[in-house]
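Residue-level listing of the chains:
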Amino acid sequence: MLPFARLTVIGLGLIGSSVARAVKANMPSVRITGHDADPLVRARAVELGICDDVTDTAGASVMDADLVILCVPVGAMGAVAADFASDLPADAIVSDVGSCKQSVADALAAVLPNAMIIPAHPVAGTEKSGPDAGFATLFKGRWCILTPPENAPEAAVERLRNFWQRLGADVEIMDARHHDMVLAVTSHLPHLIAYTIVGTADDLEGVTQSEVIKYSAGGFRDFTRIAASDPVMWRDVFLSNKDAVLEMLQRFSEDLSALQRAIRYGKGDELEALFSRTRDIRRSIVEQGQDDDAPDFGRKH
Ligand code: NAP
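Now for a quick tour of the structure. (Residues numbered from 1 in each chain as written. Predicted model: local features only at pLDDT ≥ 70, side-chain atom pairs only at ≥ 80, totals over all residues. Heavy atoms only, no water.)

**Quick look at the site of the ligand**
Quick reminder of the rule: Being near a molecule or strand, for a residue, comes down to having at least one heavy atom within 4 Å of it. Throughout this description, a polar contact denotes any pair of N or O atoms lying within 3.5 Å of each other; where both atoms belong to protein, one of them has to be capable of donating a hydrogen while the other can accept it, and for residues adjacent in sequence the pair is counted only when both atoms sit in side chains. For the accessible areas, the method is Shrake-Rupley and the probe is 1.4 Å, while residue cover comes only from the protein chains on display.
Ile15, Asp36, Val72, Ser99 and Gly130 are the nearest of the 25 residues found near the ligand. Here an oxygen atom of the ligand sits 2.9 Å away from a polar atom, N or O, in the main chain of leucine 14. Contact distances for the ligand include 2.8 Å between an oxygen atom and a backbone N or O atom of glycine 130. Alone, the ligand offers 890 Å² of accessible surface; in the complex the protein occludes 81% of this.

Rendered as structure tokens:
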């Protein structure tokens, strides 16, 4: 039996449209209602046929839902939930896909005090945005982390687990604060570093922009892919996961200073030891199916 019959997706961008497409592909009998704040996105979602119905207001979209998934930037979650609070059916489960979990859990609990809220984060995405960027297989073989509050009914958590598994994801349950710490180092800090490096290269006076672009295959290009990620989404991630990001950034700055010293004093052994350890981590990521081992990261030329 399917875990849900009537799904509402609010925010029809990369992730929201991918959820809708994946549900259509894997649970075709589920009725999908969509809503987005942007009228152009709503119109495009209708053209693409990714939902059965697209409503002009958040309230109208949730009226008969048994699962509501918020796919808007993390800083907008509370306001969107406040918008539909009075229209939400009492037995509906409210979830989300936000990249930070504690701040979203707090924001949703504040405006939906009586709702069953089970936050989630599919650890899958691309640097693209908008409804055209989504695709049905985005979550296949990727992790989806659920961060249910302590008092969440087990049956509700299992329904949501079942839902994400049907979209092809592997599901893990985690405490929200722990999630935010893990993702600060595996996702948020790498994005911050990429934004910094690309900005630094752009600001250099002695190297022209055309040289940066021409010789980018030396490593820079891979940072530019990450640094092309959605500015609003990432602004909200850093503001919402501030404490964990600042803590990781402190650790990172100390390790970077140690590397700086090793280079200055010609400590080749230290450099080689670190680079060997990091190469092993890359191997483990490929072995666990979390990336492609094909040359050039499987890029098609
Ligand atoms: P996106 O492609 O920019 O889509 C977000 C959509 O939400 C946009 O169409 C946006 O409309 C709409 N929106 C913004 N505020 C809204 C509001 N108040 N009410 C209704 N709709 C609103 O972004 P995304 O990449 O799908 O990210 C969505 C969520 O997924 C974020 O919380 C992000 O942290 C999480 N996430 C992203 C990734 C990733 O790799 N991208 C991975 C995992 C999780 P506008 O056009 O008006 O902005």
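Moving on from the coordinates now.
**Digging into the sheet that holds strand β9 (residues 170-173)**
As a general point, the strands of a sheet are linked pairwise by backbone hydrogen bonds and lie either parallel or antiparallel. What counts, and what does not: In this description, strands pair whenever DSSP reports at least two bridges between them. Only DSSP runs of H or I covering at least 4 residues are called helices, and only runs of E covering at least 2 are called strands; the numbering of each starts at the N terminus. Helix axes are fitted to C-alpha atoms over the stretch in contact, other axes to C-alpha atoms as well, and angles between N-to-C directions run from 0 to 180 degrees.
A sheet is described by the order of its strands in space; here three strands give the open sequence β7-β8-β9, paired in mixed fashion. At either margin of the open sheet sits one strand with a lone partner, and together these are β7 (120-122) and β9. Pairs of neighbouring strands in the sheet enclose a mean axial angle of 20°, with direction left out of account. In the sheet, β7 pairs with strand β8 (residues 143-146) via three bridges, with the strands oriented antiparallel. Looking at the pairing, alanine 120 lines up with leucine 146 of β8.

**Let's talk about the nonpolar core**
Heads up, the condition is: As used in this record, nonpolar core signifies buried Ala, Val, Leu, Ile, Met, Phe, Trp, Tyr and Cys residues forming a set joined through side-chain atoms within 4.5 Å. Note on classification: 1.4 Å probe, protein chains only; a residue is buried when its accessible area is under 20% of the maximum for its type, exposed when over 50%, partly exposed between these limits. Here, two residues are considered to be in contact whenever any of their heavy atoms come within 4.5 Å of each other.
Residues Leu7, Val19, Val23, Phe139, Phe163 and Trp164 are the most contacted members of the largest nonpolar core, which totals 40 residues. Those elements giving two or more residues to this core turn out to be β1 (6-10), α1 (14-26), α2 (39-48), β4 (67-70), β8 and α6 (154-166). Here this core takes six residues from α1, the largest share from any one element. If we ignore the near neighbours within four places in the chain, the residues touching valine 23 are Leu7, Pro28, Val30, Ile32, Phe163 and Leu167. Residues Val68, Met77, Leu112 and Trp234 belong to the second largest nonpolar core, which totals 29 residues.

Nothing here speaks to function; it is geometry throughout.
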